[in-house]
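Results of the structural survey
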Amino acid sequence: MTQHAPEITLGEIARRLEATLDGDPARVVRAIAPLEHAGPDAVSWLGGEKYASQLATTRAAAVITREGVAVPDGLAAIRVADPDLAVCTVLEALAPPVPRIPTGTHPAAVVDPTAQTAGAAIGPHVYVGPGAHVGAGTQLHPGVYVGANARVGENCVLWANVVLREHCIVGDRVHIHPNSTIGADGFGYLFRDGKHRKIPQIGIVVIEDDVEIGANSAIDRARSGGTRVGRGTKIDNLVQIAHNCRIGHDSILVAQVGISGSCTLGHHVVLAGQVGVADHVKIGDGVRIGAQAGAAADAPAGATLLGSPAQDAREALRQVLALKRLPKLMEQVRELSKRVERIEPPANDQG
Amino acid sequence: MTQHAPEITLGEIARRLEATLDGDPARVVRAIAPLEHAGPDAVSWLGGEKYASQLATTRAAAVITREGVAVPDGLAAIRVADPDLAVCTVLEALAPPVPRIPTGTHPAAVVDPTAQTAGAAIGPHVYVGPGAHVGAGTQLHPGVYVGANARVGENCVLWANVVLREHCIVGDRVHIHPNSTIGADGFGYLFRDGKHRKIPQIGIVVIEDDVEIGANSAIDRARSGGTRVGRGTKIDNLVQIAHNCRIGHDSILVAQVGISGSCTLGHHVVLAGQVGVADHVKIGDGVRIGAQAGAAADAPAGATLLGSPAQDAREALRQVLALKRLPKLMEQVRELSKRVERIEPPANDQG
Amino acid sequence: MTQHAPEITLGEIARRLEATLDGDPARVVRAIAPLEHAGPDAVSWLGGEKYASQLATTRAAAVITREGVAVPDGLAAIRVADPDLAVCTVLEALAPPVPRIPTGTHPAAVVDPTAQTAGAAIGPHVYVGPGAHVGAGTQLHPGVYVGANARVGENCVLWANVVLREHCIVGDRVHIHPNSTIGADGFGYLFRDGKHRKIPQIGIVVIEDDVEIGANSAIDRARSGGTRVGRGTKIDNLVQIAHNCRIGHDSILVAQVGISGSCTLGHHVVLAGQVGVADHVKIGDGVRIGAQAGAAADAPAGATLLGSPAQDAREALRQVLALKRLPKLMEQVRELSKRVERIEPPANDQG
């Protein structure tokens, strides 16, 4: 499974990490894996105390860890201040080359003569419409569609079959994974005379710099103005962002999240998987919402929410626990009622 | 963000709306925006009483509103009977041109010689299979796939990378947004000898006239017969409709709704975001189901449902409120038990 | 709707099923449909006792059923040991031909000269990258992308616009429906200095033999090592499988299921629609999880779970029922409190 990976010595890893190495600097590794899965050709890492017991049994060649952590004999230790960050560096070192489209336009692409694509790399079966602009260093993988007058910045990667509709704007260093759709019409109808009349969706989508969007996600164009995703925000697969939403910077939207129309999300928001947000809801900076929750009302900055409808997490957990005890509570009330009955005087007015 | 939009005078807007104008008919606007976001080049509207206070502070050039609503000096008023409908007209007036494929077949399309596509507009990288029929005025944007013997009516728009599999039937004026899949195999297996044996899915999908389907949605072909979406029904992004479902006319399915196999939905049904419907469930005309609810049983016409499992909305709300008070109820029962204990006679049989 | 279907006689059906036929062997049918929908040109089946009353009113030409089941006069009976399996055979007999790409490479495909595609069928607008391998008998429908060094086994079907990214591995007889994405980057970031730094996702996806994957689904490549889907597992539409998951063999993942990173699912697991599984969760063999449930903790083999958070199904149902009665319980406690008050002695210490 790892035959495609390059190899690297422990010494070279230590050098790149500016780390101390307790072990053989000439030993070669070809993979990085969790302690319990690592083989003798892999480096591993100690991610947290709860995995410390696995140090004794791991087959890894070396472990990346902090100073002062005891490591068994025979297991090399690479000691760094930030093991998680070090793992990133090792992953980069072991990464096989990622496919790149050569700069220029593949003969099987169709690029409108009025489009500007100088310095861009345009693969086969790509379509770039009239007046569109694709920045230098940007890769359009096979099957990508860039609509008329759309603008894609520099050093972006649009993976295969991504659709970016007309007039939409994408910043620099944006990555969009396969089969995602940016700029489809927002979902808006006016119910008149028993039918749904389409409300024109004449706005656009603006994706700011350094955003990443997963596979098979959809971000709708605004009814008017723009649907906006702030710089550095990361969006997972199968996420829905409806028209006129404004997502702040450096937020995280995990897979299958759905955000209804005209919502405002702050900065550094984290929405876990399958969360839903009702229309026009305002989510403050730093809000965290747990998986499958449904945010039906505004959430102040810093709130942590759970449940559907979503509420303060501690309150929601208290209710979950209470609900577990509810069948027993019902028995207790029945029993209590009998006890009261026993001590009640016989009465005519108990009706 | 709106540099692509045409411009229009207030006078011209009033003329198209057959409205009265209190203000300068020569004033030019280039955008339409909510009162709180509108700039001086935008027209706005008063959508409901709850936004009336924004009239005093809006920077809009004009507001579309009903007769009799007080509007501050300096803000032009365009008075109509149906402001929401008027907004549609203004949006149409300000809409930038939507990309259109020229009638005929692009040289980079592959159209089987037995397909009928007279009067249709077929873009680059489109595939149309043998025996398929694409009606006059229909646009197939780049990357669309129309399978063998499929039929698409007149004046439809299939956006980039839509896949319509073999034998499926699409009516007139149907819009399907990018990356959606119509007619993939239904999900059916027979568990025999420890394995899942595929049940052939030999039916089709029928999409009636005036349906709109969002981006990245999937509507599966029937096991036999047809999966059917009734005329005028509107389907949002990332919606799943399983095999053999029958959806009535003029219904609304919001993003990420999932409908299991062999369900029947009536007319004018509204399913909010992320609703799930279990297999073989019948949903009556006019039923409304709230976001994230899970309909596990049939729902009579006109019902309003909430929750998972879904139930009558008022009942569900009562339970949500009761659950919030449950931790306190537990304390009350504990306290009550103590009070009873205090007044109970010492007894031998309380065991 | 069924004009595309072949026709078959009841006698021929009985012959193929090795069944006994009570009825006219020369009668022709062109469709198979449930008892209540079947017309006189259709064969039907008795799927379970609860439909037995429909035998009296069905318009079907014949019914497939078990020995010993009473069938009204005038309705032919085809008697078999396993009616459901017989239905599969009839569906196969009545199936219209499924489109096939001719073996070889369509001139409008782009296949890197270093790719190996001997015996494969490669349609128009397909891209196959350098070093990729596509096995004999495998069909790549229009718009498919197979990245560099990816491997697809024999007799697979990748429907239109499927994206399989570099280095990923697909076994034999795998079917992937349109617009699905295999091998997009896993969703992993390290939050440092106020920004999300991307964790390289250098692993792959491994899809074992006989897997079927629905439309518009996404299975992410591993951070390192592989995301793995076991042989014979069937995955529906719009399903999300995050990086480093390991799904066992012969499992079922219904539409819109979302599985977070590094989960382990056993064999013969069934996840109903819209189920979510939190990261690092282990789901044992044969576990069944009901629609919309959220598995936040490990589940032992054989467990049946419901609810969000998911718990033992019987326990969850008990709580759902108890919650329905909670508003009434609150009244009872209020009433009980009044009864206690009535019999309590006047006291100074009740404060």
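Residues numbered from 1 in each chain as written. Chains lettered and ligands numbered in written order. Predicted model: local features only at pLDDT ≥ 70, side-chain atom pairs only at ≥ 80, totals over all residues. Heavy atoms only, no water.

1. Observations concerning the sheet that holds strand β9 (residues 110–111) of chain A
Within a sheet, each strand pairs with its neighbour through backbone hydrogen bonds, oriented either parallel or antiparallel. All names here are of chain A. Spelled out, the test is: In this scheme, strands are said to pair when DSSP sees at least two bridges between them. Secondary structure follows DSSP: runs of H or I at least 4 residues long count as helices, runs of E at least 2 residues long count as strands, and numbering of each begins at the N terminus.
Strand order across the open sheet formed by 10 strands is β9-β11-β14-β17-β20-β25-β28-β31-β34-β37, with parallel pairing between neighbours. The sheet is open, and its two borders are formed by β9 and β37 (294–295), each paired with just one other strand. Strand direction decides the pairing type here: strand β20 (residues 181–184) and strand β25 (residues 218–220), joined by three bridges, are parallel. The residue bridging A184 from the neighbouring strand is D220, located in β25.

2. A word on helix α2 (residues 83–94) of chain B
Basically, it comes down to this: Multiplying one less than the number of residues by 1.5 Å gives the expected span of a helix. Only protein chains enter the accessibility calculation, which uses a 1.4 Å probe; a residue is then buried when its area is under 20% of its type maximum, exposed when over 50%, and partly exposed in between.
Taking 1.5 Å as the rise per residue, α2(B) with 12 residues should run 16 Å; its terminal C-alpha atoms sit 16 Å apart, in good agreement. B:P83, B:A86, B:V87, B:C88, B:V90, B:L91, B:A93 and B:L94 are the residues of α2(B) that are buried.

3. Observations concerning the relation of the copies chain C and chain A
The cut-off we apply is this: Copies are brought into register by a least-squares superposition over C-alpha atoms of residues with pLDDT of at least 70 in both.
With an RMSD of 0.1 Å, the fit of chain C onto chain A corresponds to turning through 120° and sliding 0.0 Å along the axis. Given the turn and translation reported, the copies of this chain are related as if by a three-fold rotation axis.

4. So, the interface of chain C and chain B
Filter applied, for reference: Contacts between residues were defined by any pair of non-hydrogen atoms, one from each residue, lying within 4.5 Å. Throughout, the accessible surface (probe 1.4 Å) given up by two parts as they are put together, summed over both, is called the buried area. Whenever a carboxyl oxygen of Asp or Glu lies within 4 Å of a side-chain nitrogen of Lys or Arg, that contact is scored as a salt bridge. Polar contact is defined as a pair of N or O atoms within 3.5 Å, subject to the rule that within protein one atom must be able to donate a hydrogen and the other to accept it, and that residues adjacent in sequence are counted only when both atoms are side-chain atoms. When residues are grouped by polarity, Ala, Val, Leu, Ile, Met, Phe, Trp, Tyr, Cys and Pro land in nonpolar, Asp, Glu, Lys and Arg in charged, and all others, Gly among them, in polar.
On the side of chain B, 72 residues touch chain C, which itself brings 67 residues to the contact. Taken over both partners, the interface formed by chain C and chain B buries close to 5400 Å², and the fraction arising from carbon and sulfur atoms is 62%. Counting the contacts that link chain C with chain B gives four salt bridges. Here C:E92 ties to B:R197 by a salt bridge, and the two come within 3.4 Å at their closest N and O atoms. Viewed at the interface, chain B and chain C are joined by 31 residue pairs in polar contact (both at pLDDT 80 or more). Elements represented by at least two residues in the side of chain C that touches chain B include exactly α2 (83–94), β27 (234–235), β30 (252–253) and α3 (313–343) of chain C. Element by element, the count of residues in the side of chain C that touches chain B is highest for α3(C), at 13 residues. Split into classes, the residues belonging to the side of chain C that touches chain B amount to 38 nonpolar, 18 polar and 11 charged.

5. Considering the packing of aromatic side chains
To keep it simple, the criterion reads: In this analysis, rings of Phe, Tyr and Trp, with Trp reduced to its six-membered ring, are considered paired at centre separations within 6.5 Å, and the interplanar angle assigns stacked below 30 degrees, edge-to-face beyond 60, and tilted for intermediate values. Note on geometry: a ring has a charge over it if NZ (lysine) or CZ (arginine) is within 6 Å of the ring centre and within 35 degrees of the ring normal.
By the definition in use, this model includes six aromatic pairs over all chains. Measuring from centroid to centroid gives 5.3 Å for B:Y127 and B:Y145, while their planes differ by 20°, and the two rings are stacked. Here B:Y127 is found in strand β11 (residues 127–128), whereas its partner B:Y145 is found in strand β14 (residues 145–146), with 18 residues between them in sequence. One cation-aromatic arrangement involves A:R165 over B:W159; the distance from NZ or CZ to the ring centre is 3.6 Å.

6. A word on the interface of chain C and chain A
With 72 residues of chain C at the interface, the matching set in chain A holds 67 residues. When chain C packs against chain A, close to 5400 Å² is buried across both sides, 62% of that on carbon and sulfur atoms. Sorting the residues of chain C by area buried against chain A places C:F187, C:H196 and C:I202 first, and these three jointly supply 12% of that buried surface. In this assembly, chain C and chain A are joined by four salt bridges. For the interface between chain C and chain A, the tally reads 30 residue pairs in polar contact (both at pLDDT 80 or more). Mapped onto the side of chain C that touches chain A, the elements with two or more residues apiece are β20 (181–184), β21 (189–192), β22 (195–198), β23 (204–207), β25 (218–220), β26 (226–229) and α3 of chain C. Top element by residues in the side of chain C that touches chain A is α3(C). It accounts for 14 residues.

7. Thoughts on empty space enclosed by the protein
To find the voids left in a structure, one rolls a probe of water-molecule size over its atoms. Rules: Buriedness of a pocket was judged along seven lines, with at least five required to meet protein on both sides within 12 Å; pockets are open sets of points on a 1 Å grid over the protein atoms alone, cavities are sets where a 1.4 Å probe fits but cannot get out, and lining residues have an atom within 4 Å of a point. Grid points are joined across faces, edges and corners, and a volume is the space filled by probe spheres set on the points.
If you walk through the whole model with that rule in mind, you get six cavities of 30 Å³ or more. Estimated volume of the largest cavity: approximately 130 Å³. Split by residue class, the lining of the largest cavity holds eight nonpolar, nine polar and no charged.

8. What to know about unusual backbone geometry
A cis amide bond links B:S308 to the next residue, B:P309, at an omega of 5°. Within the secondary structure, B:P309 is located in the loop between β38 (304–306) and β39 (311–312). One non-glycine residue, A:N161, lies in positive phi territory at about 70°. Along the polypeptide, A:N161 turns up in the loop between β16 (157–158) and β17 (163–164). Residues other than glycine seldom take positive phi values, yet B:E18 does so here, at roughly 50°. Residue placement: B:E18 occurs in the loop between α1 (10–17) and β2 (20–22). Take B:E18: its relative accessible area is 77%, and that puts it in the exposed class.

9. Overview of a positive patch on the surface
Definition in use: The patches described consist of residues with a relative accessible area above 30% and no salt bridge, like charges being joined within 9 Å and nonpolar side chains (Val, Leu, Ile, Met, Phe, Trp, Tyr) within 5 Å. Note on areas: Shrake-Rupley with a 1.4 Å probe; residue coverage comes only from the protein chains shown. His is not counted, nor are the chain ends; Lys and Arg add positive charge and Asp and Glu add negative charge. Every charge is mapped onto a representative atom, which is NZ of Lys, CZ of Arg, CG of Asp or CD of Glu.
On the surface, a cluster of positive charge is contributed by A:R325, A:K328, B:R334, B:K338 and B:R342. Ranked by residue count, the leading element in the positive patch is helix α3 (residues 313–343) of chain B, at three residues. Secondary-structure assignment places A:K328 in helix α3 (residues 313–343). Since its relative accessible area comes to 55%, A:K328 is described here as exposed.

10. Side note on the pairing of strand β22 (residues 195–198) of chain B
All names here are of chain B. The pairing of strand β21 (residues 189–192) with β22 spans four bridges and is antiparallel. The residue of β22 that forms the bridge with F191 is H196. In this structure, the hairpin formed by β21 and β22 is closed by a connection of two residues, where D193 is found at a positive phi of approximately 55°.

11. Focus: the confidence of the model for chain A
Under the convention used in this document: Known as pLDDT, the predictor's confidence for each residue is given on a scale from 0 to 100.
Scored by pLDDT, chain A has a mean of 95; 97% of the residues are at 70 or more. Under the prediction, the complex receives an ipTM of 0.95, its pTM being 0.96.

12. Regarding the domain arrangement of chain A
Residues and elements named next belong to chain A. Rules: A domain assignment, automatic or from a database, supplies the domain bounds used here.
Along its sequence, chain A is carved into domain 1 (8–94), domain 2 (104–311) and domain 3 (313–349). Computed from C-alpha atoms alone, the centre-to-centre distance between domain 2 and domain 3 is 50 Å. Contacts between the two partners involve four residues from domain 2, matched on the other side by five residues from domain 3. Summing the contributions of domain 2 and of domain 3, the shared interface buries around 370 Å²; its carbon and sulfur component is 61%. On the domain 2 side of the interface with domain 3, the three residues burying the most area are T304, L306 and Q311, jointly 98% of the side's total. Our count for the domain 2 to domain 3 interface comes out at three residue pairs in polar contact (both at pLDDT 80 or more). A total of three residues in the side of domain 2 that touches domain 3 trace back to one element, the largest contributor, which is strand β38 (residues 304–306). Broken down by class, the residue content of the side of domain 2 that touches domain 3 amounts to two nonpolar, two polar and no charged.

13. A short note on the sheet that holds strand β6 (residues 62–65) of chain B
Residue and element names in this part refer to chain B. The strand order β2-β7-β6-β5-β4 describes an open sheet built from five strands, whose pairing is mixed. Of all strands in the sheet, those with a lone pairing partner are β2 and β4 (31–32), marking the two edges. Two strands pair when backbone bridges link them, and β2 and strand β7 (residues 76–79) are joined in this way by three bridges, in the antiparallel orientation. Paired with D22 across the bridge in β7 is A77.

14. Quick word on the pattern of salt bridges
Pairing between side chains of opposite charge can happen when the charged atoms of each approach one another. Enumeration according to the criterion identifies 52 salt bridges over all chains in this entry. Residue B:R192 pairs with C:D82 through a salt bridge whose shortest N-O separation is 2.6 Å. Taken together, the residues B:R192 in strand β21 and C:D82 in the loop between β7 (76–79) and α2 connect one chain to another. Look at C:D82 and you get partly exposed, because its relative accessible area is 23%. Taken together, the shared-partner salt bridges in this structure form one network comprising A:E212, C:R165, C:E166, C:D185, C:K198 and C:R221.

15. A few points about the side chain of A:D185
In this fold, A:D185 is placed in the loop between β20 and β21 (189–192). A polar contact of 3.2 Å, which involves the side chain of A:D185, links it to the side chain of A:R165. Excluding residues that lie within four positions of it along the chain, A:D185 makes contacts with A:R165, A:K198, A:Q201, A:D220, A:R221, B:H177 and B:E212.

16. Digging into the environment of B:R325
All names here are of chain B. Mapped onto the elements of the fold, R325 is located in helix α3. A relative accessible area of 47% places R325 in the partly exposed class. Remark: the alpha-carbon pair of R325 and R192, spanning 133 residues in sequence, is separated by 49 Å.

17. Here we look at the packing of helix α1 (residues 10–17) of chain C against α2(C)
Helix packing for two helices is described by the angle between their axes and how far apart those axes are. Residues and elements named next belong to chain C. Operational definition: Here an axis means a line fitted to C-alpha atoms, over the contact stretch when the element is a helix, while the angle between two N-to-C directions is reported on a 0 to 180 degree scale. Note on terminology: angles under 35 degrees are roughly parallel, angles over 145 are roughly antiparallel, angles of 65 to 115 are roughly perpendicular, and the others are oblique. Left-handed is the label given to a crossing in which the near helix is rotated counterclockwise from the far helix by less than a right angle, and right-handed is the label when the rotation is clockwise.
Relative orientation of the contacting elements α1 and α2 amounts to 125°, with a least axis distance of 10 Å. When the axis of α1 is compared with that of α2, the two are oblique. The way α1 lies across α2 gives a crossing that is right-handed. Contacts from I13, R16 and L17 in α1 reach A86, T89, V90 and A93 in α2. Split into classes, the residues belonging to the contact of α1 with α2 amount to five nonpolar, one polar and one charged.

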